[in-house]
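# Secondary and tertiary structure notes
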Amino acid sequence: MKLNLLCTLIVTSLLSSDVNAQWSNLTSGTTAALQSVFFTDSLTGYIVGNGGVIYKTSNAGSSWAPQVSGTPNDLFEVHFPSPDTGYAVGYLGSIVKTVNGGATWNQVVSGTTNQFNAVFFNDVNTGWAVGGLGSSSIDMILKTTDGGLSWTAQTNAQYQQLSGVHFPSANIGYAVGNTGTILKTTDGVNWSPQTSGTVSLLRSVYFVNDTLGWTVGASGTIKKTTNGGSTWTTQTSGTFQTLFSVKFLDANNGYVAGGGGTILNTTDGGLTWTTQNSNATGNLYFLYFTDFNTGYVVGIDGVIRKTIVTTGVNEIRDDVFSFSPNPVQDILNINFNASLKPSTIRITDTAGRVVYSETGMFENKSIDLSSISSGIYFLEISTTEETERTQILIQH
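In this text, all values refer to a predicted model and were calculated from it rather than measured experimentally.

Two orientations exist for strands paired in a sheet by backbone hydrogen bonds: parallel and antiparallel. Pairing in this open sheet of four strands is antiparallel, and the strands run β6-β7-β8-β9 from one edge to the other. The outermost strands of the open sheet, each flanked by one partner alone, are β6 (75–79) and β9 (106–107). Relative to strand β8 (residues 95–98), strand β7 (residues 86–90) runs antiparallel, the two being bridged by four bridges. Note on β8: the bridge partner recorded for A88 is V96.

What follows is the structure, encoded as structure tokens:
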């Protein structure tokens with residue numbers, strides 16, 4: 001396929017695409033409240049929830065198979081730092097781990113009976129679990145650097161239960177919780193409080209890079225920072241429902257899920273939020289997007305919904321090249337399926353800026369994208385005869 005359109009025209013097409021997409025019902029196979037969803041590629045995903053349920057899909061949600069978690073305790077978040085290694089955390093200090101894509105889950109000794117509400121891993125060994133003591137206001141941050149064999153407590157003077165944690169890079173992280181608590185670390189060890197400007201319970205936090213992020217919570221609260229949390233500004237959500245989850249695909253395009261089946265979407269960094277039809281009426285607890293077009297949300301009573309947004313960006317031809325994973329956390333693997341010839345690999349952001357470029361004779365190529373900010377990018381493979389182009393999502 002020849003590349004006939006200028007980059008700016010393609011980007012305009014992407015950003016002006018129909019974002020009022022419908023969310024369709026998927027059958028999860030359970031009536032338990034589903035608390036979290038995570039995909040390791042476009043097809044393979046996991047959901048966890050109350051009663052220790054874990055389900056896996058290998059076909060983009062068309063069907064879900066139960067897995068044995070080894071715990072009866074509620075699980076509140078699942079995170080996979082690699083395709084095979086994943087962690088789920090929950091009630092009474094529960095942590096379970098798999099190293100074989102969920103074929104088996106083993107309990108990890110956390111050293112606490114306090115509740116974990118959220119978990120985030122930078123790699124298969126280094127991660128954080130946050131929570132608190134039941135319904136009290138005792139905060140808790142635990143860190144492991146050996147894949148969960150041991151956990152070290154990290155404390156601060158806020159003493160508020162924590163509900164969400166996210167690390168946009170190796171050492172810079174944010175945690176949020178009760179009474180507007182926002183904590184930040186710049187070394188992965190020491191945490192300092194930030195001034196959120198709210199006393200509302202904050203449930204979720206997400207950053208697209210080290211300085212640009214959002215947090216959401218009770219009474220429709222949405223807060224945004226552009227300077228690494230030095231200041232947080234209020235955005236108007238248009239709802240008083242509790243907002244449980246926030247995800248941004250780049251600096252402009254984001255989603256929020258919450259109570260009463262609420263799903264909100266923005267295409268301007270949160271200046272305006274538009275309500276989408278979730279086809280659900282109960283609480284929606286967690287959002288996950290496998291790429292710019294495809295998203296999932298889970299909630300109460302085993303609810304799982306999926307949306308697919310058409311952007312008009314052409315998909316690649318399989319006979320030219322293939323790549324995985326998408327979204328990519330660190331390493332992007334490209335396989336060239338056509339006859340060997342000089343090729344140029346380029347990755348550009350939505351503003352057309354080149355973030356990676358290399359020319360050579362490639363058969364297989366692995367690219368380290370760990371230093372590039374999370375967001376939507378375009379992967380382009382060019383020869384003297386043709387150019388193939390598709391979009392990728394970098395999601396650290």
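Having seen the structure, we can now continue with the description.
In space, the four strands of this open sheet follow the order β18-β19-β20-β21, with antiparallel pairing throughout. Pairing within the sheet leaves two strands with one partner each, and these edge strands are β18 (202–207) and β21 (233–235). Neighbour-to-neighbour, the strand axes of the sheet open up by a mean angle of 25°, direction not taken into account. In the sheet, β18 pairs with strand β19 (residues 213–217) via five bridges, with the strands oriented antiparallel.

Relative to the elements of secondary structure, N293 occurs in the loop between β26 (284–289) and β27 (294–299). Given the relative accessible area of 12%, N293 is considered buried. Among the polar contacts listed, one links the side chain of N293 to the side chain of Q391, at a separation of 3.4 Å.

So, on to unusual backbone geometry. Trans peptide bonds make up most of the peptide bonds, and negative phi angles are found at most residues other than glycine. The residue after S324, namely P325, is reached through a cis peptide bond having omega -10°. With respect to the secondary-structure elements, P325 resides in the loop between β29 (321–324) and β30 (331–336). Note that the residue after N326, namely P327, is joined by a cis bond; omega there is 15°. Considering the arrangement of structural elements, one finds P327 in the loop between β29 and β30. Unlike most non-glycine residues, A60 shows phi in positive territory, near 60°.

Moving on, we get to the nonpolar core. One finds V37, I47, W64, V78, A88, W105 and V298 to be the most contacted residues of the largest nonpolar core, which totals 25 residues. Going through the elements one at a time, β2 (34–39), β3 (45–49), β4 (54–57), β6, β26 and β27 are the ones with two or more residues in this core. Counting residues per element, this core draws most heavily on β2, which supplies four residues. Ignoring any residue separated from it by four or fewer positions in sequence, one finds I47 in contact with S28, L34, S36, V37, V53, I54, Y55, W64, V298 and I304. One finds I334, Y356, F362 and I381 within the second-largest nonpolar core, a separate group that totals 18 residues.

Of the volumes computed, that of the largest pocket is approximately 540 Å³. Looking at the largest pocket, it is lined by 30 residues, and the ones nearest its centre are E77, A118, S163, R203 and F286. Secondary-structure elements contributing two or more residues to the lining of the largest pocket are β2, β6, β10 (115–121), β14 (162–166), β18, β22 (243–248) and β26. Its residues assigned to classes, the lining of the largest pocket comprises 14 nonpolar, 13 polar and three charged.

Okay, the pattern of salt bridges next. With the rule as written, the count across this model stands at two salt bridges. When the shortest N-O distance is used, the salt bridge between E380 and R346 registers 3.5 Å. Of this pair, E380 sits in strand β34 (residues 375–382) while R346 is found in strand β31 (residues 342–349), placing the two residues 34 residues apart along the sequence. We classify E380 as buried; its relative accessible area is 7%. The partly exposed category is assigned to R346, whose relative accessible area is 28%. For the salt bridge of K365 with E358, the shortest nitrogen-to-oxygen distance reads 3.0 Å. E358 gets classed as partly exposed once you look at its relative accessible area, which sits at 27%.

What counts and what doesn't
- Residues numbered from 1 in each chain as written.
- Predicted model: local features only at pLDDT ≥ 70, side-chain atom pairs only at ≥ 80, totals over all residues.
- Heavy atoms only, no water.
- Pairing = 2+ DSSP bridges.
- Helix = DSSP H or I, 4+ residues; strand = E, 2+ residues; numbered from the N terminus.
- Axes fitted to C-alpha atoms, helices over the stretch in contact; angles between N-to-C directions.
- Buried < 20%, exposed > 50% of the residue type's maximum accessible area, 1.4 Å probe, protein only.
- Polar contact = N/O pair within 3.5 Å; in protein donor to acceptor, adjacent residues only side chain to side chain.
- Core = buried A, V, L, I, M, F, W, Y, C linked by side-chain atoms within 4.5 Å.
- Contact = heavy atoms within 4.5 Å.
- 1 Å grid on protein atoms, 1.4 Å probe; cavity = no way out; pocket = protein on both sides within 12 Å on 5 of 7 lines; lining within 4 Å.
- Points joined across faces, edges and corners; volume = space filled by probe spheres on them.
- Nonpolar A, V, L, I, M, F, W, Y, C, P; charged D, E, K, R; others polar.
- Salt bridge = Lys/Arg side-chain N within 4 Å of Asp/Glu carboxyl O.

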